[in-house]
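# Commentary on secondary and tertiary structure
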Amino acid sequence: MKIMNHHSYFNYKHGELFCEGVCISEVARRVGTPFYLYSYNSLMGNYRKLAHAFSKLSPLICYSLKANGNLTLSKILATEGAGADILSGGELYKALQAGFSPGKIVFAGPGKNEKEIEYALKENVFMLNVESASELKLIEKTAQRLNRKARVSLRLNPDVEVETHRYITTGKKENKFGISFSQAKKLYEKIAKSRIIKPVGVHIHIGSQITSPVPYIKALEKAGELFDSLKEKGLNLQYIDIGGGFGISYEKGKPPLDIEELAKKIYPLLKKREAKLIIEPGRFLVGPAGLLITRVLYKKRGGEKTFIIVDAGMNDLIRPSLYGAYHQIKKLKEPGKTKPSEVVDVVGPLCETGDFFALGRSLPETLEGEYLALMDAGAYSFSMSSVYNARPRPPEVLVKEDRWWIIRERETYQDLIRGEVIPDELFSSSRNSSDSSARTFPIVSPSQQGKKETGYKGFSQ
Ligand code: PLP
């Protein structure tokens with residue numbers, strides 16, 4: 001199979017940036033800005049690259065829905081045979097809607113509530129990755145109540161250093177995630193005696209945007225030792241889940257994680273213990289496959305700076321504001337080779353100083369009305385978006401070859417007030433009058449609210 005390098009699905013042709021065979025400016029003129037744009041073949045290429053790299057281990061690849069839970073993108077991966085890594089009842093619902101088989105769904109997260117646990121057990125997900133002793137107790141109690149068995153792995157905290165932003169390390173002992181090895185041993189002993197809890201394996205997930213295989217190997221060596229000692233004690237463990245976190249290249253000169261190398265290095269560690277592998281990639285699959293397209297509203301020279309004010313904001317892509325993350329910015333119109341470049345701040349329209357995409361960035365000369373692409377915006381962009389400043393969420397568009405579809409509509413102003421209720425009684429002058437009880441606002445359950453006609457065209461629960 002031919003494996004293309006990343007960004008190769010986004011190229012200049014005839015002076016315009018294309019996604020596969022589609023001129024992105026044309027989509028922009030049709031759907032308006034801002035919007036997210038995904039390349040089908042980039043997504044597919046990333047998935048196949050990963051599957052190919054790990055093929056000798058025949059892993060269960062569980063797409064981490066938190067990176068981007070769009071139903072169409074999820075369905076593309078489900079159709080390719082992927083499973084799903086979920087973190088909430090909502091993600092379980094979406095994963096099932098997208099067609100992931102429950103037998104390939106793994107459920108992690110330090111704060112699963114009883115309803116979510118019940119939902120997962122009823123749907124018969126492959127396993128719950130347990131993050132505390134109390135959670136294990138609740139899972140046992142819930143499974144008993146439902147008269148079901150619960151398959152679990154414990155999420156170990158391997159306490160390894162990872163070179164990434166401190167907000168996205170998860171495998172250090174000061175992080176809230178996972179269980180220490182000493183406690184895990186005790187809990188596995190309990191599990192061994194339980195008639196309800198069935199052990200599946202061990203789980204680690206050490207962080208996100210990791211670009212070196214070293215911390216994976218260190219964590220896996222530690223987890224592997226525990227796996228062996230537990231098996232010696234008679235526990236029927238089969239799987240080692242190494243989580244996700246595979247880093248991508250956001251910046252020229254900063255390479256992604258070499259997944260071929262990672263796969264090669266972990267191979268003997270799994271083979272020698274005949275363990276089956278689970279991986280939970282999110283960013284690696286969808287990150288490079290997506291762009292956020294925005295238009296320059298104003299160019300403003302203030303003090304010593306030039307601001308490019310665009311119509312997308314931190315509510316649409318929060319990574320630069322939250323982590324100081326870097327996204328390449330490209331003009332949809334190909335810049336001429338001789339055009340001067342300028343140093344600018346690319347900022348959004350929100351009322352926050354932290355609302356920026358790039359500070360002090362050298363860009364080719366950019367004019368008002370021009371379109372820009374924020375590259376590698378397929379992961380943790382839409383999924384972390386909000387409607388802060390009452391900004392309806394942008395639509396999502398999928399391109400495949402020379403065709404494209406809106407796969408999520410632009411939200412409307414009506415969507416912004418969906419579910420809000422104004423109690424009539426608050427504003428009636430007859431508060432003390434005898435018929436005040438007649439004005440009591442009826443209590444509307446969340447499910448009924450969801451069904452109220454508000455012009456919302458999305459997926460109903
Ligand atoms: N698995 C777990 C348990 C996670 O918490 C996350 C993300 O934080 C992932 C997988 C996916 O990470 P990434 O998108 O970096 O691959």
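Residues numbered from 1 in each chain as written. Predicted model: local features only at pLDDT ≥ 70, side-chain atom pairs only at ≥ 80, totals over all residues. Heavy atoms only, no water.

The eight strands are arranged β5-β6-β7-β8-β9-β10-β11-β12 in a closed barrel whose pairing can be described as parallel. Taken over all neighbouring pairs, the strand axes of this sheet differ in orientation by 30° on average, direction set aside. Of the strand pairs in this sheet, strand β11 (residues 239–241) and strand β12 (residues 276–279) are connected by three bridges, and their pairing is parallel. Bridge pairing in β12 places Ile-240 opposite Leu-277. Along the sheet, helix α4 (residues 89–98) contacts β6 (83–86) and β7 (105–107); its crossing angle with β6, the most-contacted strand, is approximately 165°. The strands touched by helix α6 (residues 133–146) are β8 (127–130), β9 (150–155) and β10 (197–203); relative to β8, the strand with the most contacts, the crossing angle is about 150°. (Pairing = 2+ DSSP bridges. Helix = DSSP H or I, 4+ residues; strand = E, 2+ residues; numbered from the N terminus. Axes fitted to C-alpha atoms, helices over the stretch in contact; angles between N-to-C directions. Contact = heavy atoms within 4.5 Å.)

Here the focus is the confidence of the model for the chain. When pLDDT is averaged along the chain, the result is 91, and 90% of the positions lie at 70 or above. Contacts of residues 436–441 to residues separated by more than four positions or lying in other chains number 11 contacts, the stretch itself having pLDDT below 50. Per-residue pLDDT stays below 50 along residues 448–461; that stretch engages in 15 contacts with residues further than four places along the chain or on separate chains. (pLDDT = per-residue confidence, 0-100.)

Taken together, Ile-422, Leu-426 and Phe-427 make up a surface patch of nonpolar side chains, about 390 Å² in accessible area. Counting through the fold element by element, Phe-427 comes out in the loop between α12 (413–416) and α13 (446–451). (Patch = residues over 30% accessible without salt bridge, like charges linked within 9 Å, V, L, I, M, F, W, Y side chains within 5 Å. Areas by Shrake-Rupley, 256 points an atom, 1.4 Å probe, with all protein chains shown as cover. Salt bridge = Lys/Arg side-chain N within 4 Å of Asp/Glu carboxyl O.)

Here we come to the side chain of Arg-155. Examined against the element boundaries, Arg-155 turns out to sit in strand β9. For Arg-155, the side chain forms a polar contact with the side chain of Glu-131, separated by 2.8 Å. Within polar-contact distance, the side chain of Arg-155 engages the backbone oxygen of His-205 at 3.2 Å. (Polar contact = N/O pair within 3.5 Å; in protein donor to acceptor, adjacent residues only side chain to side chain.)

Time to look at unusual backbone geometry. The peptide bond linking Thr-33 to Pro-34 adopts the cis configuration, its omega dihedral lying at -5°. Structurally, Pro-34 is set in the loop between α1 (24–31) and β4 (35–39). Here Ser-58, not a glycine, exhibits a phi torsion of approximately 35°, which is positive. Turning to its location among the elements, Ser-58 is positioned in the loop between α2 (40–53) and β5 (60–64). One non-glycine residue, Asn-147, lies in positive phi territory at about 60°. Following the sequence through the fold, Asn-147 ends up in the loop between α6 and β9.

The local shell around the ligand holds 15 residues, among which Ser-208, Gly-245, Glu-280, Arg-283 and Tyr-380 are the closest. Within the backbone of Gly-245, an N or O atom sits 2.8 Å from an oxygen atom of the ligand. The protein chains hide 93% of the 400 Å² of surface that the ligand would expose on its own. Class assignment for the residues of the shell around the ligand results in four nonpolar, six polar and five charged. (Near = heavy atom within 4 Å. Nonpolar A, V, L, I, M, F, W, Y, C, P; charged D, E, K, R; others polar.)

Next up on the list: the packing of aromatic side chains. Per the counting criterion, the structure on display carries five aromatic pairs. Taking 5.5 Å as the distance between ring centres and 80° as the angle between the ring planes, the aromatic pair formed by Tyr-36 and Phe-382 counts as edge-to-face. A residue pair is termed long-range when its members are at least 10 positions apart, and Tyr-36 in strand β4 and Phe-382 in the loop between β18 (371–374) and β19 (396–400) qualify at 346 residues. Each member of the pair, Tyr-36 as well as Phe-382, is classed as buried. Ring centres of Phe-246 and Phe-284 lie 6.5 Å apart, and the angle between their planes is 80°; on these two criteria the pair is classed as edge-to-face. Remark: Phe-284 occurs in helix α10 (residues 283–286) and Phe-246 occurs in the loop between β11 and α9 (259–271); sequence separation between them is 38 residues. Taken together, the ring pairs connect Phe-54, Tyr-216, Phe-246 and Phe-284 into an aromatic cluster. Seen from the ring of Phe-107, Lys-112 lies directly overhead, with NZ or CZ sitting 5.5 Å from the centre. Of note, Lys-400 hangs over the ring of Tyr-40, and the distance from its end group to the ring centre comes to 4.4 Å. (Phe/Tyr/Trp six-rings, centres within 6.5 Å; stacked < 30°, edge-to-face > 60°. Buried < 20%, exposed > 50% of the residue type's maximum accessible area, 1.4 Å probe, protein only. Lys NZ or Arg CZ within 6 Å of the ring centre and 35° of its normal.)

Turning our attention to the pairing of strand β2 (residues 16–19). Where burial is concerned, the two faces of β2 agree: the one with Glu-16 and Phe-18 and the one with Leu-17 and Cys-19 are both buried. Pairing geometry for strand β1 (residues 10–13) and β2, over four bridges, is antiparallel. Within the sheet, the bridge partner assigned to Tyr-12 lies in β2 and is Leu-17. What sits between β1 and β2 in their antiparallel hairpin is a turn of two residues, with His-14 showing a positive phi close to 50°. When β2 meets strand β3 (residues 22–23), the two strands line up antiparallel, connected through two bridges.

A packed helix pair is summarised by two numbers, namely the angle formed by the two axes and the spacing between the axes. Running from N to C, helix α8 (residues 214–232) and α9 cross one another at 10°; their axes reach a closest spacing of 10 Å. Classed by the angle they form, the pair α8 and α9 counts as roughly parallel. Together, Tyr-216, Ile-217, Leu-220 and Glu-221 of α8 and Leu-262, Lys-265, Ile-266, Leu-269 and Leu-270 of α9 make up the contact between the two elements. Of the residues assigned to the contact of α8 with α9, the class counts are seven nonpolar, no polar and two charged. (Parallel < 35°, antiparallel > 145°, perpendicular 65-115°, else oblique.)

By the secondary structure assignment, Leu-285 is in helix α10. C-alpha of Leu-285 to C-alpha of Ser-42: the two residues are 243 residues apart in sequence and 8.4 Å apart in space. When sequence neighbours within four positions are dropped, the list of residues in contact with Leu-285 reads Leu-43, Asn-46, Tyr-47, Leu-50, Tyr-63 and Leu-77.

Attention now moves to helix α3 (residues 71–79). Three or more residues of α3 are buried, namely Leu-71, Leu-73, Ser-74, Ile-76, Leu-77 and Ala-78. Two or three places before Thr-72, at the start of α3, stands the capping residue Asn-70, its side-chain oxygen 2.8 Å from that residue's backbone nitrogen. Taken from the residues just after α3, Gly-81 is the one with a positive phi, measuring 105°.

Core analysis: the biggest nonpolar cluster contains 105 residues, and Phe-54, Phe-100, Tyr-188, Ile-242, Phe-246 and Ile-266 have the highest contact counts within it. Every residue in contact with Phe-246, bar those within four places of it in the chain, is listed here: Leu-50, Phe-54, Ile-210, Tyr-216, Leu-257, Ile-259, Leu-262, Ile-279, Pro-281, Arg-283 and Phe-284. If you look at the next biggest cluster of nonpolar residues, it comprises 19 residues, including Val-22, Leu-291, Leu-332 and Val-397. (Core = buried A, V, L, I, M, F, W, Y, C linked by side-chain atoms within 4.5 Å.)

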